[in-house]
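Residue-level structure breakdown
Residues per chain are reported as follows:
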Protein chains: 2
Amino acid sequence: MLTYNFEHMDGPIYEHIYKCIKDDILSGKLKPGEKLPSKRTLARNNSVSTITIQNAYDQLISEGYVYTEPKKGYYVAQIHEMTILNPVSGKVSYDIDLPQAPDFEIDFSRNDYSPDNFPFSVWTRLSREIMASKKSELMRVSPISGVIDLREAIAEHLHSFRGMMIDPNQIIVGAGTEYLYSLLTDLLGNDKRYVIESPGYKRLAKIYGQRGIHCHYAGMDSLGIKVEELLRNEADIAHICPNHHFPTGITMPASRRYEILAWANEKPGRYIIEDDYDSEFRTEGKPIPTLFSIDACEKVIYVNTFSKSIAPTIRISYMVLPVHLVKLFYDKLSFYSCTVSNFEQYTLAAFIKKGYFEKHINRMRLYYMRKRKQVIETIKSSALYQYCDIIENDSGLHFLLYLHTDYSDYEIEKRLAKKKIRIKNVSNYDLIGGDAKEHYFILNYSNIEMEDIEKALAILVDILTEHH
Amino acid sequence: MLTYNFEHMDGPIYEHIYKCIKDDILSGKLKPGEKLPSKRTLARNNSVSTITIQNAYDQLISEGYVYTEPKKGYYVAQIHEMTILNPVSGKVSYDIDLPQAPDFEIDFSRNDYSPDNFPFSVWTRLSREIMASKKSELMRVSPISGVIDLREAIAEHLHSFRGMMIDPNQIIVGAGTEYLYSLLTDLLGNDKRYVIESPGYKRLAKIYGQRGIHCHYAGMDSLGIKVEELLRNEADIAHICPNHHFPTGITMPASRRYEILAWANEKPGRYIIEDDYDSEFRTEGKPIPTLFSIDACEKVIYVNTFSKSIAPTIRISYMVLPVHLVKLFYDKLSFYSCTVSNFEQYTLAAFIKKGYFEKHINRMRLYYMRKRKQVIETIKSSALYQYCDIIENDSGLHFLLYLHTDYSDYEIEKRLAKKKIRIKNVSNYDLIGGDAKEHYFILNYSNIEMEDIEKALAILVDILTEHH
């Protein structure tokens, strides 16, 4: 007669009984075809309710260990007929050491995100609702461009908040902007000349490099990327951040925008990739219309990401294609699968459609504005202020600190690193070589505690006033 | 005095009041600096509780519309100071028609998944638990290879159920196998000669094609891909499905496996990509060890996906690199970001670690086994049986039907399509041209209702017995 020990049990009783019987079947203690005790008998022997036994038997039946003969009872199945997964015991071991990122106590270049700022309760509720109400939709294979609910939500959002009038079918959703850039090179071809801004993201050059594209670099002036630099580089595709350039913080004025559009229009095959990555957090002044919205000739591909505007854990980015590229995209690339799970696509769609995205952005913009003010006031009232200028245009998640010093940027970086502090500088992002000006340090303040900022400022003063 | 109309309200009262006040601020009815009524007064005037008003005010404060002066009260903020997102009304419109897939009533080639088979309640509970307990981890940027919890869970799973002894650091997680193949070409180089099986997936050739790689095709015999075909094509990389080939269903026997490994070992730079996509659903017989586990010389890259083993909505795949490729991967590609969201990575890790994945696989294997038996019995007792042979090896989610007919595959396909039925055949997957044998039709039965199967069989009989 089967009786089991309940002493070292964790979890529900039925699961424990299910496990004991399963182990007995796998070990051969219970033989195929053997009749199991009735629910009533087993319940009595183990002093549990028959419902508990029923649950355990149901689980065993659903997994194929046990079958039932109507009006006769429960029997052990011929398990060799269906290779039951037979777990081997043993833990995994680690023998390979992965490269470790250098360890900083205070890091002004990090993109982590404070959990206090993420709308966990709303997100949890929405995803629960989606799982309850969209069961069939969730199980369907997503179109390559993303599910229509999400594309529609994004189109409405762009219309309301960026003044962009687009058809949801112009939108392509993907797992991160890097993935979308890779799709774009598939679409536009890697025989084109791609030009990116310097200073700018080295990563971008690496991503294009992996697609067999040797990027060229265009210098900037105080208004943004220069048209003569695009011409000098014989650019076909200009990949730029006109709305809040990283790292300089430059917002391209309207005059330059029209110059760049005119450049794109001069020759067929020229395109502009507009990366609008942190425009949601423009804290003051009128929002600037995107290049996409003032482009009348289908020359601009707009790219943005929810990894910045919500949190890095959300791996959802999107691009908006000019109408004539939509057809090309589907002709050429519709064999790909969408890279974002339906769960997150539908949850994000609800998050936008129900107004939570707007609320989140407004709340975060306020948070960043206050934090920025606080950081700037702290700098102004610190000993560092006599050695620096603050360069900011009320926009985005970072600003620049110009340091009055004879030390090279490299020297300052090295001395900061010794104190476990990282503050990157604009020359780190120089791609042309010696073109970027020295002494501009980038304060990505959003996720750093005020006391750490004060500590870092004090150390910076020590470094600047130390004798060579 | 502010009083609001509650007639056309949906949602909580505080949200309604918040909205009314916000609208009044945005429209200018409430001026910047204007003092708002006290909570008590506003509550009394609107016949609601002060807590409701408190909630509404809190919302307005958190979004920057209202500020509070301690001991004095609530005031309307200078909203022009911070560009409040100001929604423009208007719906999006659709002007672009996307290409539509042909519409079949019964489609034996579909990969949709019945919602009845997905463990919604477990998945919902686990994701809720993850969101409650892993707030900080969720907000951290994932390593390129995926979070360690998931890689560890996968390593344990592969150890227990596939007998593979691996270090979790050998695993790279990504949004779908297509994405991983693209990473692999980045890793191995696109100057290598890639060879895939024929019959096989055209899509694979397209994916490699986008990476600038012209795929070559190797023919198969009844044991799988032929070594002489790899040699003839001067292959460097052999991309194969040895455990359950699609579409032929062939499982490569041990002798051929060692031949292929020997081929890989003959020359440095040769690798085998082992796609193990539906091995979890092998319904009978001993599970076959993977090529990866019998490879002593680090020549095999193992690839698998949860899109098949759980549901297509889960866009999580992984590959296991041989140890010496791990270092190369991090040296060369660590600038990439991981393409899977932390939410799903941690949820899936818990799903595996807590034993639900094992249960799901066992339940689904049983489901597929029963469905397969039912389908085969239906065929055997149908009028079609005298015109066909069933070719199956108790494995995976499809089997083959060999039709005795003079009609060409194309003709049968066309006639089925007229009746809104799609059954693909092996020659659809012929990549070499005329090499694949005719009359082998692929029954991907898992998501088709029994009555539809009976209907399709009857129509097939009609077509076969019709006069030319």
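All of these numbers come straight from a predicted model, not from anything done at the bench. (Residues numbered from 1 in each chain as written. Chains lettered and ligands numbered in written order. Predicted model: local features only at pLDDT ≥ 70, side-chain atom pairs only at ≥ 80, totals over all residues. Heavy atoms only, no water.)

1. Thoughts on the overall build of chain A
This is how it is decided: The helix and strand labels rest on DSSP assignments: H or I over at least four residues marks a helix, E over at least two residues marks a strand, and numbering proceeds from the N terminus. Both definitions apply: the radius of gyration is a C-alpha atom measure, and the globule rule equals 2.2 Å times residues to the power 0.38. Type-normalised accessible area, obtained with a 1.4 Å probe on protein chains alone, sets the label of each residue: buried when under 20%, exposed when over 50%, and partly exposed for intermediate values. Contacts are assigned to residue pairs with any non-hydrogen atoms lying within 4.5 Å of each other. In summary, the charge assignment counts Lys and Arg as positive and Asp and Glu as negative, without counting His or the chain termini. Working definition for charges: the position is that of NZ of Lys, CZ of Arg, CG of Asp or CD of Glu.
Secondary structure summary: chain A contains 17 helices and 15 strands in total. The C-alpha atoms of chain A give a radius of gyration of 30 Å, which is well past the 23 Å a tight globule of 468 residues would have. Once the C-alpha set of chain A is aligned to its principal axes, its extents read approximately 85 × 60 × 40 Å. Counting only residues that meet the buried cut, chain A has 59% of its 468 residues in that class. Here the analysis covers contacts within chain A between residues at least 6 apart in sequence; of these, 71% occur between residues at least 24 apart. The average position of the 57 basic charges and that of the 62 acidic charges among the side chains of chain A differ by 5 Å.

2. A closer look at the sheet that holds strand E7 (residues 224-225) of chain A
All names here are of chain A. Using the following cut-off: Whether two strands pair depends on DSSP finding at least two bridges between them. Each axis is a line fitted through C-alpha atoms, and for a helix only the stretch in contact is used; angles between axes span 0 to 180 degrees, taken between their N-to-C directions.
If you trace the 8 strands from one edge of the open sheet to the other, you get E4-E11-E10-E9-E8-E5-E6-E7, paired in mixed fashion. The outermost strands of the open sheet, each flanked by one partner alone, are strand E4 (171-174) and E7. Here strand E9 (residues 271-275) pairs with strand E10 (residues 300-305) via 4 bridges, running parallel. Each residue of the ladder has a partner; that of isoleucine 273, found in E10, is isoleucine 301. Helix H7 (residues 177-188) rests against E4, strand E5 (194-198), strand E8 (237-240), E9, E10 and strand E11 (317-320) of the sheet, and its axis sits at about 160° to E10. Across the sheet, helix H8 (residues 202-210) is in contact with E5, strand E6 (216-221), E8 and E9; its angle to E5 comes to roughly 165°.

3. Describing the nonpolar core
To be explicit about the condition: We call a set of buried residues a nonpolar core when its members are Ala, Val, Leu, Ile, Met, Phe, Trp, Tyr or Cys and they connect through side-chain atoms within 4.5 Å of each other.
Residues Phe118 and Phe306 of chain A together with Phe118, Phe306 and Leu401 of chain B are the most contacted members of the largest nonpolar core, which totals 182 residues. Look past the residues within four positions of phenylalanine 118 of chain A in its chain and what remains in contact with it is Tyr113, Trp123, Ile310, Ala311 and Ile314 of chain A together with Met139 and Phe343 of chain B. Within the second largest apolar cluster, 68 residues are counted, among which are Phe329 of chain A together with Leu184, Ile301 and Met319 of chain B.

4. Concerning the relation of the copies chain A and chain B
Worth spelling out the cut-off: A least-squares superposition brings the copies together, and it is based on the C-alpha atoms of residues with pLDDT no lower than 70 in both.
For the match of chain A to chain B, the screw axis carries a shift of 0.1 Å, the RMSD comes to 0.1 Å, and the turn is 180°. Look at the turn and shift together and you get a two-fold axis relating the two. Relative to the rotation axis, the C-alpha of arginine 211 of chain A is the closest in chain A, positioned 3.3 Å from it. A high fraction, 100%, of the interface residues of chain A reappear at the interface in chain B, so the copies pair face to face through one surface.

5. Let's talk about the sheet that holds strand E13 (residues 399-403) of chain B
Residues and elements named next belong to chain B. Spatially, 3 strands are ordered E12-E13-E15 in an open sheet, and the strand pairing comes out antiparallel. Among the strands making up the open sheet, the edge pair consists of strand E12 (388-391) and strand E15 (440-443). For this sheet, the mean angle separating the axes of adjacent strands, direction not counted, is 30°. As defined by bridge partners, E13 adjoins E15 across 4 bridges and the pair is classed as antiparallel. Across the sheet, residue tyrosine 402 finds its bridge partner in E15, namely tyrosine 440.

6. Let's talk about the pairing of E5 of chain A
All names here are of chain A. A large share of E5 lies buried, amounting to 5 of its 5 residues. Sheet topology note: the E5/E8 ladder contains 3 bridges and is parallel. Its bridge partner lying in E8, valine 195 is registered against alanine 238. Bridge count between E5 and E6: 4 bridges; the pairing is parallel. If you follow valine 195 over to E6, its bridge partner there is histidine 216.

7. Side note on the confidence of the model for chain A
Residue and element names in this part refer to chain A. Here is the rule: On a range of 0 to 100, pLDDT expresses the predictor's confidence in each residue.
Across chain A, the average pLDDT comes to 88, with 93% of residues at 70 or higher. A low-confidence stretch, residues 80-89 stays under pLDDT 50, and its non-local contacts, those more than four residues away or across chains, total 35 contacts. Overall fold confidence for the complex sits at a pTM of 0.82, while the interface term, ipTM, reaches 0.80.

8. Points about the interface of chain A and chain B
Definition in use: As a working definition, buried area equals the accessible area (1.4 Å probe) given up by two parts on being put together, with both sides summed. Here a salt bridge means any side-chain nitrogen of Lys or Arg lying within 4 Å of a carboxyl oxygen belonging to Asp or Glu. Polar contacts here mean pairs of N or O atoms no more than 3.5 Å apart (in protein, one a potential hydrogen donor and the other a potential acceptor; neighbouring residues in sequence count only if both atoms are side-chain atoms).
Tallying the contact residues gives 102 residues for chain A and 104 residues for chain B. Buried area between chain A and chain B, summed over both chains or domains, comes out near 8900 Å², and the portion from carbon and sulfur atoms is 59%. At the junction of chain A with chain B, the criterion picks out 4 salt bridges. Joining chain A to chain B, the criterion identifies 26 residue pairs in polar contact (both at pLDDT 80 or more).

9. Quick word on the environment of threonine 185 of chain B
Residue and element names in this part refer to chain B. With respect to the helices and strands, threonine 185 occurs in helix H7 (residues 177-188). Its relative accessible area of 4% is what places threonine 185 among the buried residues. When the C-alpha positions of threonine 185 and isoleucine 237 are compared, they lie 10.0 Å apart, and in sequence the two are 52 residues distant. Look past the residues within four positions of threonine 185 in its chain and what remains in contact with it is Asn190, Tyr194, Tyr208, Arg211 and Ile213.

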